[in-house]
Amino acid sequence: MTLVELARAAGLSLGMMSKIENGIISASLSTLQALSRALGVPLTSLLRPFADFQQEALLADRAMGVHIE
């Protein structure tokens, strides 16, 4: 999902999404709820410390044709 697609799905402006992504502003609880719904994940998954995700992260080049389910 691109940033534009996520912004649309969550009902947020692209400018707002960019500011959140770059740490310029913090997302409100209502914004986090909209993002969790758009992503289809529990709100709590957006509140986990970043360190928790480091074990789960996978970096793949698009040319590799990796499909993650």
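Residues numbered from 1 in each chain as written. Predicted model: local features only at pLDDT ≥ 70, side-chain atom pairs only at ≥ 80, totals over all residues. Heavy atoms only, no water.

J.: So what about the overall build of the chain? Which residues, and what values?
T.: Tallying secondary structure elements over the chain gives five helices and zero strands in all. Listing each helix as α and each strand as β along the chain from the N terminus yields α-α-α-α-α. Out of the 69 residues belonging to the chain, those deemed buried represent 17%. Sequence separation of at least 24 residues holds for 22% of the intrachain contacts in the chain that already meet a minimum separation of 6. As displayed, the chain has an accessible area near 5600 Å², and 56% of this comes from carbon and sulfur atoms. (Helix = DSSP H or I, 4+ residues; strand = E, 2+ residues; numbered from the N terminus. Buried < 20%, exposed > 50% of the residue type's maximum accessible area, 1.4 Å probe, protein only. Contact = heavy atoms within 4.5 Å. Areas by Shrake-Rupley, 256 points an atom, 1.4 Å probe, with all protein chains shown as cover.)

J.: Outline the packing of helix 1 (residues 3-10) against helix 2 (residues 14-21), listing residues and values.
T.: Close contact between helix 1 and helix 2 brings their axes to 9 Å; oriented N to C, the two are set at 115°. In terms of orientation, helix 1 lies roughly perpendicular with respect to helix 2. Here helix 1 runs over helix 2; the crossing is right-handed. From helix 1, Leu3, Val4, Leu6 and Ala7 reach across to helix 2, where they touch Leu14, Met17, Ser18 and Glu21. Counted by class, the contact of helix 1 with helix 2 contains six nonpolar, one polar and one charged residues. (Axes fitted to C-alpha atoms, helices over the stretch in contact; angles between N-to-C directions. Parallel < 35°, antiparallel > 145°, perpendicular 65-115°, else oblique. Left-handed = near helix turned anticlockwise from the far one by under 90°. Nonpolar A, V, L, I, M, F, W, Y, C, P; charged D, E, K, R; others polar.)

J.: Outline the nonpolar core, listing residues and values.
T.: Grouped together as the largest cluster of nonpolar side chains are eight residues: Leu6, Ala7, Ala10, Leu12, Met17, Ala34, Leu35 and Ala38. Of all the secondary structure elements, the ones that give two or more residues to this core are helix 1 and helix 3 (29-39). Not counting chain neighbours up to four residues away, the residues in contact with Ala10 comprise Ala34, Leu35 and Ala38. (Core = buried A, V, L, I, M, F, W, Y, C linked by side-chain atoms within 4.5 Å.)

J.: Give me the confidence of the model for the chain: which residues, what numbers.
T.: On average, residues of the chain carry a pLDDT of 80, and 71% of them reach 70 or more. Here helix 5 (residues 50-54) stands out as the element of the chain with the lowest mean pLDDT, 55, in contrast to helix 3, whose mean of 94 is the highest. (pLDDT = per-residue confidence, 0-100.)

J.: Account for helix 3, with residues named and values stated.
T.: Turning to helix 3, its buried residues number three or more, namely Thr31, Leu32, Ala34, Leu35, Ser36 and Ala38. Check the buried side of helix 3 and you find it contacts helix 1, helix 2 and helix 4 (43-47). Phi turns positive one or two residues past the end of helix 3, at Gly40, with a value near 70°.

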